[in-house]
Amino acid sequence: MPNDMDIPPSTSALAQSLNAVKLSDSPLESRVLPREFYDLFLSESSKRRIEDPIRALLPLEDRPGLISLLAGKPNVDTFPITSMQFNLRDPVSSAESTIVLTEGELAKGLQYSSSAGIPDLLDWLVGLQEYNHGRKRGEGWGLCFGTGSSDLIYKAVNALLDPGDVALIEAPIYAGVFPVFHGTGCEMIEVRTDEHGTDAQGLREMLENWPAGKPKPKVLYTVPYGCNPTGMTSTLERRLQVLELAREHNFLILEGNAPRPPSYFTLEQDQPEVGRVVRFDSLSKVLSSGMRIGFISAPQCIIDAVILHTMTSNLQPPTLTQVIALRLLREWGYDGLRAHVERVAQFYHAKRDVFEGLMRKHLDGLAEWATPEAGMFFWFKLNLGDAAQGDSEAVIRTKALEKGVLALPGTVFHPGGRKTAYVRASFSLLPEDQVEEALRRLREVILEARKEAGVTE
Ligand SMILES: Cc1ncc(COP(=O)(O)O)c(C=O)c1O
């Protein structure tokens, strides 16, 4: 999974890891990059966006004593839903309790609200970032809510990239981001990863030998923990090297949700400059993927650009979702959410272990893999022999499908779609008997492909 299912370390572990990497003792405020710094980064289309004149005034409605004749809000008394409740499982005891939305919560949930997200939820999420990443509110960053992190990735990438700009994209990586980058007209350049994470040395060489006249990259997109599809995690050393490169070569780091600190978002506060990290979080894999709960933490002017985009596209994320999420999150508190995430992680670890046991049974010698530390995928390399030229595409897209197995060839996780013998298989849903059958079929497919390729052993 992307990564949300790992457990944040204790505060003391976080403090220790931070002490180990402390680079700057000067006060953080003096190291926060000024707003003008981002003039070079914001895209032309984002600079062209203007405020919705009605929505821009909406926050004023919260001013005490003010009588608003502003918005065309429907009267909630005309709405047919009159009450709402849901049952909630306790993350520790598993006991169920019934949560009834108050009249006020329901009325709020059924109504329009701010494009950034409802203030109380934003406040809770800012507190979550303080709790998980040790960032203090008001210190060089802001946060807004979106309909899943995908919504925010789309808006942030469009806030930053113009046609002809260059984006570095670590690979293999979550394939869902390629269409987003592609749509901006930017050039995507692949940054390799290995078992220690982003290949920072390779990246340094690439940047130091950058062709004269070619625009330098504006951003690097990375998922440093439990990366989808590989489950790979970048070491602390690599993350610090990448932060250094970002400063030396002046690019921003777009960090896909990676809850295990120290995140880039955590680490940057001890760097000589603060404000190069744009962090995407999602609760899709731990609360509900259908509720679409995502948030972005970034320098305020990038947050402002994202909110402006929301204002002019979908107006706002759904209020009802936010009201339900807030009620649930307040019920649990930060410790409760952590306990829940830990349980989710245990659930997927058990699924992973079953899947791996069956992979050993059916694919031993036919595929190679490393046990994923997090996530919901196995990323494995097919041993197809030389004739297949290290390409899993035909085998997975055609032959496996004919035998009734759907998986993803590794090529889709590379920005340039280069050939690879890897395959991604998800273990989040299937019961054991279906995993067994899927892997049995895959075994047949690989054996046939090897036979065709003349592999004898
Ligand atoms: C790295 C990464 N980012 C974003 C997403 C999309 O998440 P959301 O449901 O929050 O839009 C995924 C989904 O798997 C993912 O793996």
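Please refer to the structure placed before this passage.
Computed from a predicted structure; not experimentally measured.

Our next topic: the packing of aromatic side chains. Under the criterion given, the structure shown has twelve aromatic pairs. Put simply, the rings of Phe37, Tyr38 and Phe41 pair up and form one aromatic cluster. The ring of Phe265 has Arg135 lying over it, and the distance from NZ or CZ to the ring centre is 4.4 Å. In this arrangement the basic side chain of Arg424 is found over the ring face of Phe377, its NZ or CZ atom lying 3.7 Å from the centre.

Together, Ile54, Leu57, Leu60, Leu66 and Leu70 make up an exposed nonpolar region whose accessible area comes to about 390 Å². Checked against the element boundaries, Leu70 lands in the loop between helix 3 (44-48) and strand 1 (85-89).

Okay, helix 12 (residues 319-363) next. An ideal rise of 1.5 Å per residue puts 66 Å on 45 residues; helix 12 reaches only 47 Å between its terminal C-alpha atoms. Helix geometry: helix 12 is bent most strongly at Gly333, by close to 95°. Within two residues after helix 12, Gly365 carries a phi angle of roughly 85°, on the positive side.

Before going further, it helps to examine the site of the ligand. Of all residues adjacent to the ligand, which total twelve residues, the nearest are Ser149, Ser150, Ser282, Ser284 and Arg292. For the ligand, an oxygen atom lies 2.7 Å from a polar atom in the side chain of Ser282. With respect to the ligand, the side chain of Ser284 contributes an N or O atom lying 2.6 Å from an oxygen atom. At three residues, the largest contribution of residues to the shell around the ligand is made by helix 6 (residues 148-160). Of the residues belonging to the shell around the ligand, the class tally is four nonpolar, six polar and two charged.

The next point concerns empty space enclosed by the protein. Overall, the coordinates contain two cavities of 30 Å³ or more when judged by the stated rule. In this structure, the second largest cavity occupies an estimated 40 Å³ of space. Looking at the second largest cavity, the residues that line it are Leu243, Arg247, Glu268, Gln271, Glu273 and Arg276. Broken down by class, the residue content of the lining of the second largest cavity amounts to one nonpolar, one polar and four charged.

Let's shift gears to the pairing of strand 8 (residues 252-255). With burial as the criterion, each face of strand 8 is covered, one bearing Leu252 and Leu254 and the other bearing Ile253 and Glu255. Alignment of strand 7 (residues 219-222) against strand 8, held across four bridges, turns out to be parallel. Residue pairing across strands places Leu220 opposite Ile253, the latter belonging to strand 8. Crossover handedness for the path strand 7 to helix 9 (residues 236-248) to strand 8: right-handed. Inspection of the sheet shows strand 8 paired to strand 9 (residues 277-282) by three bridges, in the parallel sense. When the bridges of strand 9 are listed, Ile253 appears paired with Val277.

Procedures and definitions
Residues numbered from 1 in each chain as written. Predicted model: local features only at pLDDT ≥ 70, side-chain atom pairs only at ≥ 80, totals over all residues. Heavy atoms only, no water. Phe/Tyr/Trp six-rings, centres within 6.5 Å; stacked < 30°, edge-to-face > 60°. Lys NZ or Arg CZ within 6 Å of the ring centre and 35° of its normal. Patch = residues over 30% accessible without salt bridge, like charges linked within 9 Å, V, L, I, M, F, W, Y side chains within 5 Å. Areas by Shrake-Rupley, 256 points an atom, 1.4 Å probe, with all protein chains shown as cover. Salt bridge = Lys/Arg side-chain N within 4 Å of Asp/Glu carboxyl O. Helix = DSSP H or I, 4+ residues; strand = E, 2+ residues; numbered from the N terminus. Expected span 1.5 Å × (residues − 1). Bend = angle between axes of the 7 residues up to and from the residue. Near = heavy atom within 4 Å. Polar contact = N/O pair within 3.5 Å; in protein donor to acceptor, adjacent residues only side chain to side chain. Nonpolar A, V, L, I, M, F, W, Y, C, P; charged D, E, K, R; others polar. 1 Å grid on protein atoms, 1.4 Å probe; cavity = no way out; pocket = protein on both sides within 12 Å on 5 of 7 lines; lining within 4 Å. Points joined across faces, edges and corners; volume = space filled by probe spheres on them. Buried < 20%, exposed > 50% of the residue type's maximum accessible area, 1.4 Å probe, protein only. Pairing = 2+ DSSP bridges. Right-handed = clockwise from strand over helix to strand, strands pointing away.

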